[in-house]
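# Per-entry structural report
Each chain is listed here by its residues.
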Amino acid sequence: MTQQTDQGAAPGEDQREELETSDQFQDSASEESREDQALSEDDAGESEDKLVAEVEKYKDIALRAEAEMQNLRRRAERDVQNAHKYGIERLLQNLLPVLDSLEKAVEVSEAAASDDDDPQLEGIRLCSKLFVDVLTREGVEALDPLGEPFDPNLHEALSMIENPDLEPNSVMAVIQKGYRLNERLVRPAKVMVSKSTS
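These notes cover the structure that comes with them. These numbers come from a predicted model, not from an experiment.

The next thing to look at is the overall build of the protein. Scanning the protein for helices and strands turns up 3 helices and 6 strands. Mapped in sequence order, the helices and strands of the protein form the string α-α-α-β-β-β-β-β-β. Expressed as a percentage of contacts within the protein between residues at least 6 apart in sequence, the contacts between residues at least 24 apart total 64%. By element, 51% of the accessible surface of the protein is carried by carbon and sulfur atoms, the whole surface being about 15,000 Å².

As structure tokens, then:
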């Protein structure tokens, strides 16, 4: 019987040892889990900061892309408006010599004609007037600066001549009219400018 008690006691001690070992294991496991939890909280805080920074980065990228699209849209609208406004500029540059010829024809015919009722002269005048009216409707403005101060932005000086009757830097003769299309200069007026007598 003593053997049985020895054998019976041995399993109880083994169980106690196992329980103690199990308690130690649980204690160490709970310490490790607490450390892991503390580490994971630190990692969570770091990853949250990273996520917030990444969100801010992508928000900034999205705002910049939206601003770029708005700028692109405005630029496209402005280009379309300019195309409508100044689309005939090249055509106008090609038509201006025709208008110059008509005006010269009227000028020469008036000087040569003795009769004001000349039908040919009247036809040239009407054609010239019709041409000018069409250009005016399209936003074309003639620059005829006779007597005005010289403006290098609108006039091209061909020569300077001394003239005591006019103020210096005044336009004393217009060789060729200038033209603007919707306030944009298409052709400067070619002029002769007065200068002071020395």
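Here the narrative resumes, following the displayed structure.
Bridge analysis of strand 2 (residues 155–162) against strand 6 (residues 189–195) gives 7 bridges, and the strand direction is parallel. Bridge pairing links Ile161 to Ser194 in strand 6. Relative to strand 6, strand 3 (residues 171–176) is paired through 4 bridges, and the arrangement is antiparallel. Within strand 6, the position partnered with Val174 by the bridge is Val191.

Further remarks concern the packing of helix 2 (residues 89–112) against helix 3 (residues 119–137). Closest axis-to-axis distance for the helix 2/helix 3 pair is 9 Å, and the angle between their directions is 150 degrees. By the criterion of interaxial angle, the relationship of helix 2 to helix 3 is roughly antiparallel. Where helix 2 crosses over helix 3, the handedness of that crossing is left-handed. Contacts between helix 2 and helix 3 involve Leu92, Leu95, Val98, Leu99, Leu102, Glu103, Ala105, Val106, Ser109 and Glu110 on the former and, on the latter, Leu121, Ile124, Arg125, Cys127, Ser128, Phe131, Val132 and Leu135. Here the residues of the contact of helix 2 with helix 3 sort into 13 nonpolar, 2 polar and 3 charged.

Turning next to the packing of aromatic side chains. According to the stated counting rule, one finds 0 aromatic pairs in the structure shown. When the ring centre of Tyr86 is taken as origin, the NZ or CZ atom of Arg184, which lies over that ring, is 3.7 Å away.

Here is what the cut-offs are and how they apply
Residues numbered from 1 in each chain as written. Predicted model: local features only at pLDDT ≥ 70, side-chain atom pairs only at ≥ 80, totals over all residues. Heavy atoms only, no water. Helix = DSSP H or I, 4+ residues; strand = E, 2+ residues; numbered from the N terminus. Contact = heavy atoms within 4.5 Å. Areas by Shrake-Rupley, 256 points an atom, 1.4 Å probe, with all protein chains shown as cover. Pairing = 2+ DSSP bridges. Axes fitted to C-alpha atoms, helices over the stretch in contact; angles between N-to-C directions. Parallel < 35°, antiparallel > 145°, perpendicular 65-115°, else oblique. Left-handed = near helix turned anticlockwise from the far one by under 90°. Nonpolar A, V, L, I, M, F, W, Y, C, P; charged D, E, K, R; others polar. Phe/Tyr/Trp six-rings, centres within 6.5 Å; stacked < 30°, edge-to-face > 60°. Lys NZ or Arg CZ within 6 Å of the ring centre and 35° of its normal.

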